[in-house]
Amino acid sequence: MAIEVSNEPVVFTVDKIDPILLYGVGDAHLKLIEKSFPVELVARGNQIKIIGDPENVRMVEDILSELVFIANRNNNLELRDVETVISIARANTTISQETVSRKPTHTASDLEEVILFTQRGFIKPRTAGQQRIVQSTRENDIVVVIGPAGTGKTYLAVALAVNALKNKDVDKIVLARPAVEAGESLGFLPGDYKEKIDPYLRPLYDALDEMLPRELLRKYMEQRIIEVIPLAYMRGRTLNNAFVILDEAQNATSMQMKMCLTRLGVNSRAIINGDITQVDLPVSSTSGLIEIQQVLSGIEGIEFIYLDRSDVVRHRLVRDIIYAYDKRNDEKSE
């Protein structure tokens, strides 16, 4: 295949790992990249000369950078890893032409922030608040994240849990939510109890669907390696070697919060997520999330992270909506 060249070849230097790990047996990884993109790769020692159109060269540079990151993190690189990164690069190109019209997207420091590679791309903290969450989970066994809607609390927590499972830091993931009505009564919803409760757990399923292949997710759930359950189902259990996520924690009562936190066993960790401005509990009940800010303050191994509207990663209007409500509440309290 003739390679159209309009610029000087780019030299990619392999560091931090054994070049053979990146190249693959018989240069199989490099051959797969050449087959997928109209470029020529010439490997000499720890350097790869990339020859081709500048747009494709930049894309292949990004691919090689991500493969180095994966190999360095896992101390291994398989052909399926190369296939996944290539498919991600192609998908990103289809979605947006930005990929081929700018300089390489991911520097080495960017790649160090990646939490999880998925079939749709990779997940990394997108705001300063999210970066604090990631750092805190490395340093503490329990992290309590309090912030408004749209700040990626649930999505980021699930990504951290899946990453811990993939790296064999934990043996299982338990994701829980309180089954508290928000304007609707469970009794009026159709179906049996499981069918009534599933809509409350749907955001957790949605996050998992994006991060794991469907068949693998089904296998994990059948084997109870991943559990998505109502909070009440945690009573009486001891969770060893587990990553526990309590979502919508503002709707956990004081007793439920204590019950959840005391389920943690050996080598377990937890992320507690919630928005204290959206409590759906009856007026007579105390939100466990609000209470633990005082009860657990200052305990070593537990850290509180507070997000605000600057951490919103949904539609830009979500940030404006939060600001409008905050302004109204401030005016009422004056």
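Residues numbered from 1 in each chain as written. Predicted model: local features only at pLDDT ≥ 70, side-chain atom pairs only at ≥ 80, totals over all residues. Heavy atoms only, no water.

## Let's talk about the pairing of strand β6 (residues 142-146)
Of all the five residues making up β6, five are buried; the element is thus mostly covered by neighbouring parts of the structure. Side-chain alternation along β6 places I142, V144 and I146 on one buried face and V143 and V145 on a second face that is also buried. Where β6 meets strand β10 (residues 269-274), five bridges bridge the pair, whose relative direction is parallel. Residue pairing in the sheet places V144 in a bridge with I272 of β10. For β6 and strand β11 (residues 302-306), the ladder comprises five bridges, and the chain directions are parallel. Within the sheet, the bridge partner assigned to V143 lies in β11 and is E303. (Buried < 20%, exposed > 50% of the residue type's maximum accessible area, 1.4 Å probe, protein only. Helix = DSSP H or I, 4+ residues; strand = E, 2+ residues; numbered from the N terminus. Pairing = 2+ DSSP bridges.)

## Quick look at the environment of V57
Considering the arrangement of structural elements, one finds V57 in helix α3 (residues 54-74). Distance in space between the C-alpha atoms of V57 and P9 is 8.3 Å, their sequence separation being 48 residues. Among all residues touching V57, those that are not within four sequence positions of it are V10, V39, I50, I51 and G52. (Contact = heavy atoms within 4.5 Å.)

## Regarding the pattern of salt bridges
Inspection of the entire model under this criterion finds nine salt bridges. The salt bridge involving D206 is made with R202; its shortest N-O contact spans 3.7 Å. Of the two residues, D206 and R202 both sit in helix α8 (residues 193-211), four residues apart, roughly one turn of that helix. For R202, a relative accessible area of 38% puts it in the partly exposed group. Measuring nitrogen to oxygen at the nearest pair gives 3.1 Å for the salt bridge that ties E227 to R224. Overlapping salt bridges bring together K172, R224, E227 and R237 as one network. (Salt bridge = Lys/Arg side-chain N within 4 Å of Asp/Glu carboxyl O.)

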